[in-house]
Amino acid sequence: MKTAQLPPVRVEPSVRDEIESVLRQGETLSQFVENAAVQAAQRRKSQQEFLARGRDSLKRAKKSGEYYSAKDVFDAMQGRLDARISELAQEKRGRTARS
């Protein structure tokens, strides 16, 4: 596989020292920087996809005229969360009773 080179990054010596202080055993500064860059790119891509889905949803809502208030959405999410927590508690009680 071919590799590409990232441009050199200039930082204050204290920043380099801080990064080097958290490197894992056997990890190089280059590996750390590459990993950080990959994670940042993935995070930004996810953010862009999230925003695109939101824009698409808004277009569909405007076209259909069907909107939901934030309160209704959060209430529905809270209901689902509460139901799942209750299910897990019941499962735990069942396991405890069988023990």
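This section reports on the structure supplied with the text. (Residues numbered from 1 in each chain as written. Predicted model: local features only at pLDDT ≥ 70, side-chain atom pairs only at ≥ 80, totals over all residues. Heavy atoms only, no water.)

Here's the deal with the overall build of the protein
This is how it is decided: Helix numbering and strand numbering both begin at the N terminus, where a helix is a DSSP run of H or I of at least 4 residues and a strand a DSSP run of E of at least 2. Values of the radius of gyration come from C-alpha atoms, whereas the globule rule sets the reference at 2.2 Å times the count of residues to the power 0.38. The buried label goes to any residue with under 20% of its type's maximum accessible area, the exposed label to any with over 50%, and the partly exposed label to all in between, with areas taken from a 1.4 Å probe on protein chains only. Residue-level accessible areas treat just the shown protein chains as cover; the underlying method is Shrake-Rupley with a 1.4 Å probe.
Of the regular secondary structure elements, the protein holds three helices and zero strands. Going from the N terminus to the C terminus, the protein shows its helices and strands as α-α-α. In summary, the protein has a C-alpha radius of gyration of 24 Å against a globular reference of 13 Å for 99 residues, an excess of more than 25%. Dimensions along the principal axes, computed over C-alpha positions, put the protein at roughly 55 × 50 × 35 Å. Counting only residues that meet the buried cut, the protein has 2% of its 99 residues in that class. With an accessible surface of roughly 9,700 Å², the protein has 54% of that area assigned to carbon and sulfur atoms.

Examining a nonpolar patch on the surface
The following threshold applies: Only residues whose relative accessible area exceeds 30% and that form no salt bridge are eligible for patches; like-charged ones are grouped when within 9 Å, while nonpolar side chains (Val, Leu, Ile, Met, Phe, Trp, Tyr) are grouped when within 5 Å. Salt-bridge detection follows one rule: a side-chain nitrogen of Lys or Arg within 4 Å of a carboxyl oxygen of Asp or Glu.
Together, Y68, V73, F74 and M77 make up a nonpolar patch on the protein surface, roughly 460 Å² of accessible area in all. Note on placement: F74 falls in helix α3 (residues 70-98). Of the residues examined, F74 reaches a relative accessible area of 55% and is grouped as exposed.

What about the pattern of salt bridges?
For the structure shown, the criterion picks out four salt bridges. In this structure, E20 engages R16 in a salt bridge whose closest nitrogen and oxygen atoms are separated by 2.9 Å. Of this pair, E20 and R16 both sit in helix α1 (residues 13-21), four residues apart, which is roughly one turn of that helix. Exposure remark for E20: the relative accessible area of 34% places this residue in the partly exposed category. You can call R16 partly exposed: its relative accessible area is 43%. With a shortest N-O distance of 2.7 Å, K71 and D75 are connected by a salt bridge. Taken together, the residues span about one helical turn, with K71 and D75 both in helix α3 at a distance of four residues.

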